[in-house]
Amino acid sequence: MTDPQRHATVVGAGLAGAALAHALVVRGWRVDLLDAADGPARGASALPVGMLSPHVTRAPTPLSRLTALGVAATRAELESWVPTGAGWQPCQVHNHGHDRGVWPAALVRPGALVQAWLTAAQATGRLTTRWNAPVARLARPDGSPAWQVQDATGRPWATSPVVAVTGAIGSLSLLTGAGITADWLPLRPVQGQMSLGALAGPPLAEGPQRDNGVFVPEYRDAGLPPAWPERIWSMGSTYERGTTHTDVRAEAHRRNLDSLRALHPAGAEAFERSMAMGQLLGWAQVRCASLDRLPLCGALPDPAALQAERARAERRRWRPGAADTPRLPGLFTLCALGSRGLTLSAWCAQRLAEQMDGAAVQADADLWTAIDPARFAWRQTRRAA
Ligand SMILES: Cc1cc2nc3c(=O)[nH]c(=O)nc-3n(C[C@H](O)[C@H](O)[C@H](O)COP(=O)(O)OP(=O)(O)OC[C@H]3O[C@@H](n4cnc5c(N)ncnc54)[C@H](O)[C@@H]3O)c2cc1C
């Protein structure tokens, strides 16, 4: 029988929520996974094909260190759970601009990994999923230690001592509704569109190329949307900060075409042919990015307790940090995966599951602090001091 305290509700079933649900179930937890959509991986994680690759810099940065760890973690998960060719394939990417050179990478359809994590977790009998379940509010009625995850009428979808919010940009309203100060959650939507086309003949280039966007000259996957061919090329994506629509637009196709002309002129000719024949495919969704472009991963700070702590420290210099930050009991998040959900979700979810479980987090302390969801609260508190 599972310890009743090791029971979490996870809100959002994209890469972040599925990775976390799986990591918790592996540790013996019981998990209720909810999503507003009619199934898993319906938001940004419905991406038809994405790139798993590191962010390489001359000197290490938190992002370059995270992506190096993240690529290895995701690759291990793919190798464990998803057959090659049925949702991912290894490749090399030729970077023309940033991180110039040829790097080991993989092409991945995130939905395949999400489904594989959920299937493996369900096989333990400890994962329950609930679709068409939009969460309006997180509450602890009458000082109860358990969180209620409520619908718009206040009825609980689920009740558990622990809640993890993994709803990408949808996390913002849930967390501010739970009392987190909005300034402490600088999350921004960044809409993106990719352009794709059927591939009948040989691949359009030797391998994937990247500069202003990624050109995939060939990707084969029977799990692509039913109306699409199994063999495609793709180019993208655009970046529209502050935009939340998911319409496929001709103007965004034109921007992808311009980027491809600069990157691979022969590929651009195939793009133009598809466009002229009205056969161009498109896919658009919304990323969730933080102000410093790092994910938010961990326990949420307690605003009232943090302010009280600051008031007590009024006359002495106080620089709050990870260890002495009061936290809201049982409330966690993994969001703001930006353009790197494939690279970051598995490693971050594994570390978050360790923290939720009260185990030692297997990460360098400075790296774990760099993605602490309390970091913007510390900055504001220091500025105000
Ligand atoms: C055009 C484009 C190209 C990209 N290319 C790449 C790439 O090449 N490589 C890469 O690594 N990443 C890429 N990404 C980014 C990647 O897709 C995301 O980082 C990743 O999918 C985010 O996963 P997530 O689980 O955080 O969010 P999502 O997959 O968006 O999942 C969030 C889920 O939460 C649910 N939700 C939100 N609010 C609520 C609520 N209140 N109640 C219930 N459910 C809720 C939503 O319905 C949704 O299903 C790309 C993204 C885009 C848009």
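Engineer: What is the right way to read the overall build of the protein from this model?
Structural biologist: Helix and strand content of the protein: 10 helices and 18 strands. At 21 Å, the protein has a C-alpha radius of gyration in line with the 21 Å of a compact globule built from 385 residues. Here the protein holds 385 residues, and 54% of them are scored as buried. Taking all contacts inside the protein whose residues are at least 6 apart in sequence as the whole, residues at least 24 apart take part in 71%. Element-wise, carbon and sulfur atoms account for 51% of the exposed surface of the protein, whose accessible area totals about 16900 Å².

Engineer: Looking at this structure, I do not really get the pattern of salt bridges. What am I missing?
Structural biologist: Side chains that carry opposite charge are capable of pairing whenever their charged atoms lie near each other. The full count for this structure, using the stated rule, is 18 salt bridges. Among the salt bridges present, the one from Asp 364 reaches Arg 65, with a minimum N-O distance of 3.2 Å. You can see Asp 364 sitting in the loop between α8 (341–356) and α9 (365–370) and its partner Arg 65 sitting in helix α2 (residues 62–81), a full 299 residues away along the chain. The partner of Asp 258 in a salt bridge is Arg 261, and the shortest N-O contact between them spans 3.0 Å. Of the two residues, Asp 258 and Arg 261 are both situated in helix α5 (residues 250–263); the distance of three residues between them amounts to about one turn of the helix. Note on Arg 261: relative accessible area 38%, which makes it partly exposed. A cluster of three or more residues bridged by salt bridges with shared partners is formed by Arg 6, Arg 27 and Asp 357.

Engineer: It is not clear to me how the site of the ligand should be interpreted in this structure. Could you clarify?
Structural biologist: Neighbouring residues of the ligand: 34 residues in total, closest Asp 35, Ser 45, Met 51, Val 135 and Gly 338. Taking Ala 16, its main chain carries an N or O atom lying 3.0 Å from an oxygen atom of the ligand. Leu 342 has a polar backbone atom sitting 2.9 Å from an oxygen atom of the ligand. Relative to its unbound accessible surface of 1000 Å², the ligand loses 89% to contact with the protein.

Engineer: Just checking my understanding: could you explain the side chain of Glu 77 for this structure?
Structural biologist: By the element assignment, Glu 77 lies in helix α2. The buried charged residue Glu 77 lacks any salt bridge, with Arg 351 as its nearest oppositely charged partner at 8.9 Å. Every residue in contact with Glu 77, bar those within four places of it in the chain, is listed here: His 22, Val 82, Leu 113, Trp 117, Ala 346 and Gln 350.

Engineer: What is the right way to read the environment of Met 275 from this model?
Structural biologist: For Met 275, the position within the fold is in helix α6 (residues 265–276). Accessibility expressed as a relative area gives 33% for Met 275, which makes it partly exposed. The spatial distance from the C-alpha of Met 275 to the C-alpha of Ile 169 is 32 Å, given a sequence separation of 106 residues.

Engineer: Looking at this structure, how should I read the packing of aromatic side chains?
Structural biologist: What describes a pair of aromatic rings is the distance from one ring centre to the other and the angle between the planes of the rings. Evaluated as defined, the whole model comprises one aromatic pair. With a centroid separation of 5.4 Å and 40° between ring planes, the pair formed by Trp 233 and Phe 271 is classed as tilted. Taken together, the positions of Trp 233 in strand β14 (residues 231–236) and Phe 271 in helix α6 put the pair 38 residues apart, joining distant regions of the chain. The same class applies to Trp 233 as to Phe 271, namely buried.

Engineer: Explanation requested: the sheet that holds strand β8 (residues 147–150) in the structure shown.
Structural biologist: Across a sheet, strands are paired by hydrogen bonds formed along the backbone, either parallel or antiparallel in direction. Here three strands make up an open sheet; going across it, the order is β7-β8-β9 and the pairing antiparallel. One side of each edge strand has no neighbouring strand; the edge strands of this open sheet are β7 (137–139) and β9 (156–160). The sheet shows a mean angle of 20° between the axes of neighbouring strands, taken without regard to direction. Sheet topology places β8 next to β9; four bridges connect them, and they run antiparallel. In the strand pairing of β9, Gln 150 is matched with Pro 156.

Engineer: Explain α5 to me, please; I cannot follow it from the model alone.
Structural biologist: Each α-helix turn comprises 3.6 residues. Residues three or four places apart therefore point the same way. Under the 1.5 Å per step criterion, the end-to-end length of α5 is 20 Å for 14 residues, consistent within 8% with the ideal 20 Å. Residues of α5 that are buried sit in contact with β11 (187–198), β12 (209–211), β13 (213–220), β14, α6 and β16 (281–290).

Engineer: Can you help me understand the environment of Arg 137 in this one?
Structural biologist: Following the sequence through the fold, Arg 137 ends up in strand β7. Setting aside its immediate chain neighbours within four residues, Arg 137 contacts Gln 148, Val 149, Gln 150, Asp 151, Ala 152, Gly 154 and Leu 174.

Engineer: Hey, could you run me through the packing of α2 against helix α3 (residues 110–122) in this one?
Structural biologist: Between two packed helices, both the angle of their axes relative to each other and the distance between the axes serve to describe the pair. Running from amino to carboxyl end, α2 crosses α3 at an angle of 65°, the nearest separation of the two axes being 10 Å. Classified by chirality, the crossing of α3 by α2 is left-handed. Of the residues in α3, those touching α2 at Thr 74, Glu 77, Leu 78 and Trp 81 are Leu 113, Ala 116, Trp 117 and Ala 120.

Engineer: How do you make sense of the domain arrangement of the protein when you look at a structure like this?
Structural biologist: In many reports, interface size means the accessible area that the parts give up when they come together. Taken domain by domain, the protein holds domain 1 (1–89 + 108–186 + 291–385) and domain 2 (191–285). Facing 17 residues of domain 1, the contacting portion of domain 2 comprises 17 residues. Counting the surface lost from both domain 1 and domain 2, the interface buries some 1200 Å², and carbon and sulfur atoms represent 60% of this. Area buried by domain 1 at its contact with domain 2 is led by Pro 48, Val 49 and Met 51, which between them contribute 42% of it.

Engineer: Explain the sheet that holds strand β2 (residues 30–34) to me, please; I cannot follow it from the model alone.
Structural biologist: Read across the open sheet, the six strands follow the order β6-β2-β1-β10-β18-β17; overall the sheet is mixed. Each edge of the open sheet carries a strand with a single partner, namely β6 (127–130) and β17 (296–301). For this sheet the average axis-to-axis angle between neighbouring strands, irrespective of direction, equals 20°. In this sheet, strand β18 (residues 327–335) lies alongside strand β10 (residues 162–165) in parallel orientation, the contact comprising three bridges. Opposite Ala 164, over in β18, you have Phe 332 as the bridge partner.

The rules behind the values
- Residues numbered from 1 in each chain as written.
- Predicted model: local features only at pLDDT ≥ 70, side-chain atom pairs only at ≥ 80, totals over all residues.
- Heavy atoms only, no water.
- Helix = DSSP H or I, 4+ residues; strand = E, 2+ residues; numbered from the N terminus.
- Rg over C-alpha atoms; globule rule 2.2 N^0.38 Å.
- Buried < 20%, exposed > 50% of the residue type's maximum accessible area, 1.4 Å probe, protein only.
- Contact = heavy atoms within 4.5 Å.
- Areas by Shrake-Rupley, 256 points an atom, 1.4 Å probe, with all protein chains shown as cover.
- Salt bridge = Lys/Arg side-chain N within 4 Å of Asp/Glu carboxyl O.
- Near = heavy atom within 4 Å.
- Polar contact = N/O pair within 3.5 Å; in protein donor to acceptor, adjacent residues only side chain to side chain.
- Lys, Arg positive; Asp, Glu negative; His and termini not counted.
- Phe/Tyr/Trp six-rings, centres within 6.5 Å; stacked < 30°, edge-to-face > 60°.
- Pairing = 2+ DSSP bridges.
- Axes fitted to C-alpha atoms, helices over the stretch in contact; angles between N-to-C directions.
- Expected span 1.5 Å × (residues − 1).
- Left-handed = near helix turned anticlockwise from the far one by under 90°.
- Domains from an automatic or database assignment.
- Buried area = accessible area lost by both parts, 1.4 Å probe.

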